[in-house]
Amino acid sequence: MDLSDAVIINSSRLKSVVWNDFDRVKKGDICVAICRHCKKRLSGSSTSGTSHLRNHLIRCQRRSSHDITQLIPARERKRERPLAISNFSFNQEQKKDEGLNLVNIKFDSDHMKDDNANAVTVGSNYDQRRSQFDLARMIIIHGYPLNMVEDVGFKVFVKNLQPLFELVTVNKIEADCLEIYEKEKQKVFEVLDKLPGRISLSIDAWAGAGDVRYFCLAAYFIDESWQLKKKILNFVSVDSSHTDDMQADVIMTCLMDWDIDRKLFSMTFDGSSSDFFVLRIRDRLSQNRFLYGNGQLFEVRCVATVLNQMVWDTLESLGEVIHKIRESIRYLKSSQAMLEKFNKLAQQESIDTEKCLTLDNSSRWDSTYRMLEVALEYKSAFSLLREEDRLFTVCPSDVEWERAGAVTGFLNVFLEIMNDFSRSRYATANIYFPLICDIHLKLIGWCKSSDDYISSLALKMRSKFDEYWDKCSLGLAVAAFLDPRFKMKLVEYYFPQIYGSTSLERIDEISSQIKALYNEHSVGSPLSTLHHGQAWQVCGGSRSLSGPGNDVKDRLVGFDKFIDETSQSDGTKTDLDKYLEEPLFPRNVDFNVLNWWKVHTPRYPILSMMARNVLGAPMSRVLSESAFDMGGKVLDRDRSSLSAATLQALMCSQDWIRSELEG
């Protein structure tokens, strides 16, 4: 259309903000809107509205300022504001009970501040560098493969969403992920450096491609606000040909890199693997006197792994019977007519249950337990079907049904215990002692069974359990002692049932170990200086032992012990004495042991330090979602193909960013 003689309409009469970027011209009865940036012509009729003009401005390549928010109607902006990218931020002050609030999520802008010289900024709303880091963080958080940035569908989506975004290569996004990792690592390093107590470590074994194995090292600690925290520190490859000393060297290198080799309290590991490398680490740390109690509490075996091994042995002994039950269920479901016939037999046998027969997931033993549990309820119907149907040849015999019932009874005990373990994401160490003692008592009873099958199976399970109990019972008992609802009473309740006539000696041994551990904390911790020297510091003012005179304090450790002993003889009660003399705290379901110690730290300054270290030790390293898995953790193909540095960066930074979001 020739617009040489067209008339430009006064834009001040046009209310929409889009007319700041368009000229509205009129020739005859036809109105045309001309983009001031690219000169494209669109309908300018009042009946056409302005939506098509807004859409053009959002995508206009020649428009220098993409202030998109101005192009969205006020009503739409108000409704859509929670989804606006500009409103996302990491709000660390967000209340913990609010969960993950996407309205408050904004990825860390530190990267943009550090890279202002290299940032590609267009207008006031778009920043290429920021967008790249947002993309890298998304890949980290959700575990997406790095090569997704080269997928055709992703490129089309991004270009339509923001035409100004410059697509990045795999190498570039990998470099951005590594940069994010380094910045997040510094944050974690500062947290660990300022911790008021010790750190407990867990080692989780992963399988990769070929013979490559990985160790995932995670730190557990109770922070200054008495919250139990977990941070993955390293994800390192370990060759299967490595000796125990070489594996110990790998872990010690990681510890020294984080500067926490002198801050460790315990190390939790997979009880199914060789523990010699853990002993090597313990011996090295003990030689330097870095460990409490000469390292007696250092070695912790994952209780969930030990129980899963016992369950595996139990199911393995019933393997043939489980196979028959699976095939029986498959036979019933082979046709609708067969299923209807079986249901009639169940009604004939007066089986009153709403549970349905389903096949199990063989990789999860809780699923196998539920299959056996339901099949046992239909046992008489299966037996009746065997009599009426000659083709049904896989039905278990009466003896096999009895064995299935016995094993299901075992599994029910383990299921209840594992459910108690997994109720809390990071359970404190005090909850485990009564649960493990209950298993101990069950095993003692099963071993005495007159049924040879049950007793032989129980003896096999008990051999594994006793190995765990010998290593970890002291740590479990000390943690239970630091629960003010129990103190020594729980030990005094269970040990006579477990040990009989020798229980008093065992109880005295636990008491002696607790006193020795308390004395170590009393003499060696900064709190002891505050506790014993508080009055002297108040009177002497600047004569505090802190500061340049630390070497004097070190030479007077014996003096601190002398003061501690003489003050007790003079009638001054220690934290331990006061704690034992006071009545038990009432038991209730809402009790939080860490909150209790947070409140009572001023009253028990030394014992609270001991509680902080002991209660933070992970007795189980298995999360609730994988508590019943029979297999180990396996790295997927995409992650296995990454370099060691990139893999560690992605695994660690994912944990750090996710924990920040969830917190």
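Preceding block: the structure.
Below is a short write-up of the structure. (Residues numbered from 1 in each chain as written. Predicted model: local features only at pLDDT ≥ 70, side-chain atom pairs only at ≥ 80, totals over all residues. Heavy atoms only, no water.)

1. Brief notes about the nonpolar core
One broad rule of soluble globular proteins: the nonpolar side chains tend to lie buried together.
Turning to step 1, where the next piece is worked out: Counting residues in each nonpolar core, the largest one holds 109 residues, and the members touching the most others are Phe-433, Leu-482 and Trp-597.
Turning to step 2, where the next piece is worked out: If one sorts the elements of this core by residue count, helix α17 (residues 452–481) sits on top with 16 residues.
Turning to step 3, where the next piece is worked out: When near neighbours in sequence (up to four residues on either side) are disregarded, Leu-482 contacts Tyr-579, Val-593, Trp-597, Leu-607, Met-610, Ala-611, Val-614 and Leu-615.
Turning to step 4, where the next piece is worked out: Leu-201, Ile-203, Phe-221 and Ala-649 belong to the second-largest nonpolar core, a separate cluster that totals 44 residues. (Core = buried A, V, L, I, M, F, W, Y, C linked by side-chain atoms within 4.5 Å. Buried < 20%, exposed > 50% of the residue type's maximum accessible area, 1.4 Å probe, protein only. Helix = DSSP H or I, 4+ residues; strand = E, 2+ residues; numbered from the N terminus. Contact = heavy atoms within 4.5 Å.)

2. Observations regarding helix α8 (residues 244–257)
Turning to step 1, where the next piece is worked out: Between its first and last C-alpha atoms α8 spans 20 Å; for 14 residues at 1.5 Å apiece the expected length is 20 Å, and the two agree.
Turning to step 2, where the next piece is worked out: Three or more residues of α8 are buried, namely Gln-247, Ala-248, Ile-251, Met-252, Cys-254 and Leu-255. The buried residues of α8 occupy one face: seen down the axis, they fall within an arc of 155 degrees.
Turning to step 3, where the next piece is worked out: Those residues of α8 that are buried are in contact with β7 (199–207), β8 (213–222), β9 (228–238), β10 (264–269) and α9 (276–287).
Turning to step 4, where the next piece is worked out: Positioned one or two residues after α8, Asp-259 has a phi angle of 60 degrees, which is positive. (Expected span 1.5 Å × (residues − 1). Arc of directions from axis to C-beta.)

3. Topic: a negative patch on the surface
Turning to step 1, where the next piece is worked out: A cluster of acidic residues, Asp-398, Glu-402, Asp-451 and Asp-452, forms a negative patch at the surface.
Turning to step 2, where the next piece is worked out: Tracing the sequence through the fold places Asp-451 in the loop between α16 (432–447) and α17. (Patch = residues over 30% accessible without salt bridge, like charges linked within 9 Å, V, L, I, M, F, W, Y side chains within 5 Å. Areas by Shrake-Rupley, 256 points an atom, 1.4 Å probe, with all protein chains shown as cover. Salt bridge = Lys/Arg side-chain N within 4 Å of Asp/Glu carboxyl O. Lys, Arg positive; Asp, Glu negative; His and termini not counted. Charge placed at Lys NZ, Arg CZ, Asp CG, Glu CD.)

4. Quick word on a nonpolar patch on the surface
Turning to step 1, where the next piece is worked out: A surface patch of nonpolar side chains, about 290 Å² in accessible area, is lined by Leu-556, Phe-559 and Phe-562.
Turning to step 2, where the next piece is worked out: Summarising the element assignment, Phe-562 is placed in helix α22 (residues 557–569).

5. Digging into the packing of α16 against helix α18 (residues 489–499)
Turning to step 1, where the next piece is worked out: The interhelical angle for the contact between α16 and α18, taken along N-to-C directions, is 15 degrees, at an axis separation of 10 Å. Here α16 lies roughly parallel to α18, going by the angle between them. With respect to the hand of their crossing, α16 and α18 are arranged in left-handed fashion. Seen from α16, the contacting residues are Phe-433, Pro-434, Cys-437, Asp-438, His-440, Leu-441 and Ile-444; seen from α18, they are Leu-490, Val-491, Tyr-494, Phe-495, Gln-497 and Ile-498.
Turning to step 2, where the next piece is worked out: Residue composition of the contact of α16 with α18, grouped by class: 10 nonpolar, two polar and one charged. (Axes fitted to C-alpha atoms, helices over the stretch in contact; angles between N-to-C directions. Parallel < 35°, antiparallel > 145°, perpendicular 65-115°, else oblique. Left-handed = near helix turned anticlockwise from the far one by under 90°. Nonpolar A, V, L, I, M, F, W, Y, C, P; charged D, E, K, R; others polar.)

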